[in-house]
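The residues making up each chain are set out below.
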Amino acid sequence: MRLLGIGSLLVALCGAAWGQTIAITHAHIYSMGPAGDIASGTVIVSGDRIVSVGPDGAVPAGARVIDAQGAVVTPGLLSTNTPLSTVEIAEGVEETNDNATASDRLSAAFDVSYAVNPNSVLIPIARLGGITDAIVTPSLREAKDRDKNLFFAGQAAAIHLGQGTDLIRKPSIGMVLVMGEDGARIAGGSRAAQLVMLRAMLDDVRAYAKGRADYDLGRSRRYELSREDLEALIPVVEGREPLMVSVHRAADIRQVLSLAREQGLKVILEGAEEGWSLAPEIAAARVPVLLDAEADLPASFDMIGSSLNNAARLTAAGVLVGIENPPIYEGGRTPRIEAGRAAAHGLPFGAALAAITINPARIWGVSDRIGSLEAGKDADLVVWSGDPLEPLSAPTRILIRGIEQPLRSRDLDLRDRYLPSIKAPP
Amino acid sequence: MSLWRLASIIGLLGLSACATVPGASDGPTSRAKVDAKALPPGLDPFANLDPFPSTYRPAPSATTAIVNADILTADGPEIPSGALVMSGGRIVAVGADVVPPPDAVVIDAHGRTVTPGIIDPHSHLGVYATPAVAAMSDGNEATDPDTAEVWAEHSVWPQDPGFARALAGGVTTLEILPGSANLFGGRSVVLRNVAATTVQAMKFPGAPYDLKMACGENPKRVYGGKDRFPSTRMGNVAGYRAAWIKARDYLRKWDDYHAKVAKGEKADPPDRDLQLDTLAGVLRGEIRIQNHCYRADEMAQMIDISHEFGFHIAAFHHASESYKIADLLRREGICSVTWAEWWGFKMEAFDGIEENAAMLQRAGACVTLSSDNANLIQHLNVEAALAMAAGNRAGLAITRPEAIGWITLAPARALGIDSKTGSLLPGKMADVVIWSGDPFSVYSVADQVFIDGALAWDAHDAAHQPKSDFLVGQPALAGDR
């Protein structure tokens, strides 16, 4: 079984190298793109790209044909806001945790892309959940020097979960800022203080950007942030790089919307548990939201208004919503279940699937390559045994950048090592 | 499956499966037979085993018949279209040919599925309540590795909004445990998931007490981190054994004392010790062991300790590696309380696999799923579906009745309440969920939840949706629906 897996992997790898053409036929396609839903269609892949998506028709000569026999085909799922590949064992094995820094010097300049480990055993396990790509976000760790008010967690990276030594699709795709109670704590105990400090920091970045030469000569005023942090924030203040703000209560969301308007920032709201209560304002500001579809408890005083209907109501108001998923080791191998839960609470099926494919791809600025089945995009797709949001379904084939992935993981290797010992009782 | 059925039948006949263990069949409400009048109240640990008695009373209920339902009883084959009748808080009939009594309120459940109420054998609702503020963090008395003297019920906040959320997910009974910082974390408590202002009014009448023990990383990290004992796994084991030696000695002294009093001899009573009361209760077979333990090798050592001192472990919790010793667990009659999707968040959980439950089931061992989490508790049905699907991909042919058993009858068995609830057997408490569709579908919700035959939750009627006092008058919820 294992040998066979490696064999087909080699074939697939070689196939990609030769620009092999694959035709997935008779598929129930949820393209999440302009092709829409196709009851019986064909996806043609050549090399690492999708060549066409449409109703069943002629298949190019020499193509390897995968007859889906009516099975559902979707874009590969995008796990967003995950530590995947930068954390191996979260608790008690801190030496495998590269997702945050307590450095007194680095905050905005912290870049998780340098810590991506293609050999993480978590990657194949995530892949078996239908996840083909991930947005790896840094998390906030308090600086060792308690006088440092470093509330930028750093820069996120987009990765694919395919083969090879380089999983990075795009580094520095966005900056992560933590507000609410956590931000307030770092700002000395008040969210009011954080907003004042934040505005001052953004001013510093603009001043620094205009006067680098003066800074180098020591002729500029003193900046709170290090040179590296100031540099990293330039694309953010210029509105070129998204700033994801972790924020929860309605009043804080309003502050963020107002800050974004005033400073010309391209903001993504993260969390936004009370977002439903100001959905029209968020929609009017054209600010997208990445949320936890399961957040329905008043986990803190910032989240009294948490509701399972948050995704449905924000989507209905016209907000672009992505569903983030918890770390893979905490139920996070199934973002599709998070999406399904939102669907059970008012989010239409198509919007739920979009919230774990095309929407987060658009929100993070990587929808030119992933998130939907469209000609020219990377061939990251999954053939499912049934409805992809259902727990009884599973991927039967996974392609990443046109390469068929082995349906194996450490998890399954352990299973198969012990299965022979499982015998019915005498 | 057949063993479970046998156990429930024995239970219904009033013969506890543990009847050979003195006192085990009576639960905490029993009074020791010894004459303890000689001692002032509170000084004899065995004079009153139930100082915080349950005041739970079932809510009023009408005779109700759920008809045209797909029924998963957790105790036999699926009934594709049948009826279930509840009366006086009990299940009175279930089957394909059951005719509703004339006085019954009839609920047409066409296209819907009926299951037993879900039982979560591992929850920290109330002791780690939301809002998760330090003022409400009452789950771990992490000041000594042995705090067998603490009782989780004294930390439970009945207003935790998580209880109602769990009810919306079909949870009718749950065990609240202390955390796992300590070798002996304290007693847990089994609750009915009903809105109440006191924890006594939630306590499952007659449910045995449990003692939470913990293996592995947590105790050694917590105390090692304070430069205290234990800081290693071998320290953990020495700590358990030292405590059981003291407990055996304590019990011997009390037995001697009671024997002398019974013979009319003069005797000095031993000093009462709350910590040893709980351990002695385990040795007397009145209190069960719920043991947080991830690794197979550590579970095997805990089993040896139980043999050395003469007690039984009811369940290993989390039990990520149970599949490696499935046959040992079956022979020992120990349940595994595990997950489908949670694994690898710490070293001792690194070998957890999705197929754990299915492999244990096929080996004939008792296995249940649990949440340990205020969100997961809301969809244990989906967790069961994931675990079943993983097992079936492995060729283990897990059936729907088996999978529903993982979140109903098996946890009832792990908690020692399977003679009272956990399956839709006539005579049992009418703890029933009507799902909007297939309970193994992510799209299904609990339409109605009955506890002791009374409607406790209705997804379509706010009048039957309990709400914590904490959420009353909160402007942030204005406009919520």
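Residues numbered from 1 in each chain as written. Chains lettered and ligands numbered in written order. Predicted model: local features only at pLDDT ≥ 70, side-chain atom pairs only at ≥ 80, totals over all residues.

The helix and strand inventory of chain B stands at 11 helices and 16 strands. Its C-alpha atoms give chain B a radius of gyration of 22 Å, near enough to 23 Å, the size a compact globule of 481 residues would have. Seen along its three principal axes, the alpha-carbon backbone of chain B occupies a region of about 65 × 50 × 50 Å. Residue pairs at least 24 apart in sequence account for 70% of intrachain contacts in chain B once pairs closer than 6 positions are excluded. (Helix = DSSP H or I, 4+ residues; strand = E, 2+ residues; numbered from the N terminus. Rg over C-alpha atoms; globule rule 2.2 N^0.38 Å. Contact = placed C-beta atoms within 7 Å.)

A few words on the overall build of chain A. In terms of helices and strands, chain A carries 13 helices and 16 strands. Computed over its C-alpha atoms, the radius of gyration of chain A comes to 23 Å, within 12% of the 22 Å expected for a compact globule of 426 residues. In terms of overall dimensions, chain A has C-alpha extents of about 65 × 55 × 40 Å along its principal axes. Sequence-distant contacts, at least 24 apart, represent 69% of the contacts inside chain A between residues at least 6 apart.

Opposite the 43 residues of chain A that make contact, chain B presents 49 residues. Mapped by element, the contributors of at least two residues to the side of chain A that touches chain B are helix H10 (335-344) and helix H13 (410-418) of chain A. Considering every element that reaches the side of chain A that touches chain B, the biggest residue donor is H10 of chain A, with 5 residues.

With that settled, consider unusual backbone geometry. Residues and elements named next belong to chain B. That bond from threonine 130 to proline 131 is cis: its omega, 0°, falls within 30 degrees of zero. The residue proline 131 is located in the loop between strand S6 (118-123) and helix H2 (162-168) in this model. Residue proline 230 is reached from phenylalanine 229 by a cis peptide bond, and omega for that bond is -5°. By the element assignment, proline 230 lies in the loop between helix H3 (217-224) and helix H4 (233-262). The residue aspartate 227 is not glycine, and still its phi comes out positive at about 55°. Position of aspartate 227 among the secondary structure elements: in the loop between H3 and H4. The exposure class of aspartate 227 is exposed, given the 7 C-beta atoms found within 10 Å. (Buried ≥ 20, exposed ≤ 12 C-beta atoms within 10 Å, placed from the backbone.)

What follows covers helix H6 (residues 296-309) of chain B. Because each turn of an α-helix spans 3.6 residues, side chains separated by three or four positions in sequence point in the same direction. All names here are of chain B. Helix length check: H6, at 14 residues, gives a terminal C-alpha distance of 20 Å against a target of 20 Å (1.5 Å per residue), a fit within 8%. Buried residues of H6: Ala296, Met299, Met302 and Ile303, and no others. Along the axis of H6, the buried residues cluster in a sector spanning 115°; they form a single face. In H6, the exposed positions that point more than 90 degrees away from the buried face belong to Asp297, Asp304 and Glu308. The inward-facing, buried residues of H6 abut strand S10 (287-293), strand S11 (313-318) and helix H7 (326-332). The positive-phi residue at the C-terminal boundary of H6 is glycine 310, with phi of around 80°. (Expected span 1.5 Å × (residues − 1). Arc of directions from axis to C-beta.)

Backbone-to-backbone hydrogen bonds pair the strands of a sheet. The strands run either parallel or antiparallel. Residue and element names in this part refer to chain B. Taken together, the 8 strands give an open sheet; going across it, the order is S6-S7-S8-S9-S10-S11-S12-S13, and neighbouring strands pair in mixed fashion. Of all the strands in the sheet, the pair left with one neighbour each is S6 and strand S13 (367-369). The mean angle between the axes of side-by-side strands here comes to 25°, regardless of whether they run parallel or antiparallel. The strands touched by helix H5 (residues 274-283) within the sheet are strand S8 (184-192), strand S9 (209-214) and S10, with S10 carrying the most contacts at an inclination of about 100°. (Pairing = 2+ DSSP bridges. Axes fitted to C-alpha atoms, helices over the stretch in contact; angles between N-to-C directions.)

This part takes up the sheet that holds strand S11 (residues 267-271) of chain A. Residues and elements named next belong to chain A. Taken together, 8 strands build an open sheet; the order of strands is S6-S7-S8-S9-S10-S11-S12-S13 and the sheet is mixed. Taken across any chain shown, the strands that pair with only one partner, and hence form the sheet edges, are strand S6 (77-82) and strand S13 (321-323). Averaged over all neighbouring strand pairs, the angle between strand axes comes to 25°, with direction disregarded. Bridging between strand S9 (residues 168-178) and strand S10 (residues 243-247) involves 4 bridges; their strand directions are parallel. Bridge pairing links valine 178 to serine 246 in S10.

All names here are of chain A. Counting buried positions along S11 yields 5 of 5 residues, so the element is predominantly enclosed. In terms of strand pairing, S10 meets S11 through 5 bridges, oriented parallel. In the sheet register, valine 247 faces S11, and the bridge partner there is glycine 271. In this fold, the crossover linking S10 to S11 by way of helix H7 (residues 250-263) has right-handed handedness. As paired elements, S11 and strand S12 (residues 289-291) share 2 bridges and run parallel to each other. Bridging from a neighbouring strand, glutamate 270 pairs with leucine 290 of S12. (Right-handed = clockwise from strand over helix to strand, strands pointing away.)

This part takes up the environment of glycine 371 of chain A. Residue and element names in this part refer to chain A. Here glycine 371 lies in the loop between helix H12 (358-363) and strand S14 (381-384). Between the C-alpha atom of glycine 371 and that of aspartate 145, which follows or precedes it by 226 residues, the distance is 41 Å. Apart from the residues lying within four places of it in its own chain, the contact partners of glycine 371 are Met32, Pro75, Leu78, Thr357, Ile358, Ala361 and Arg362.

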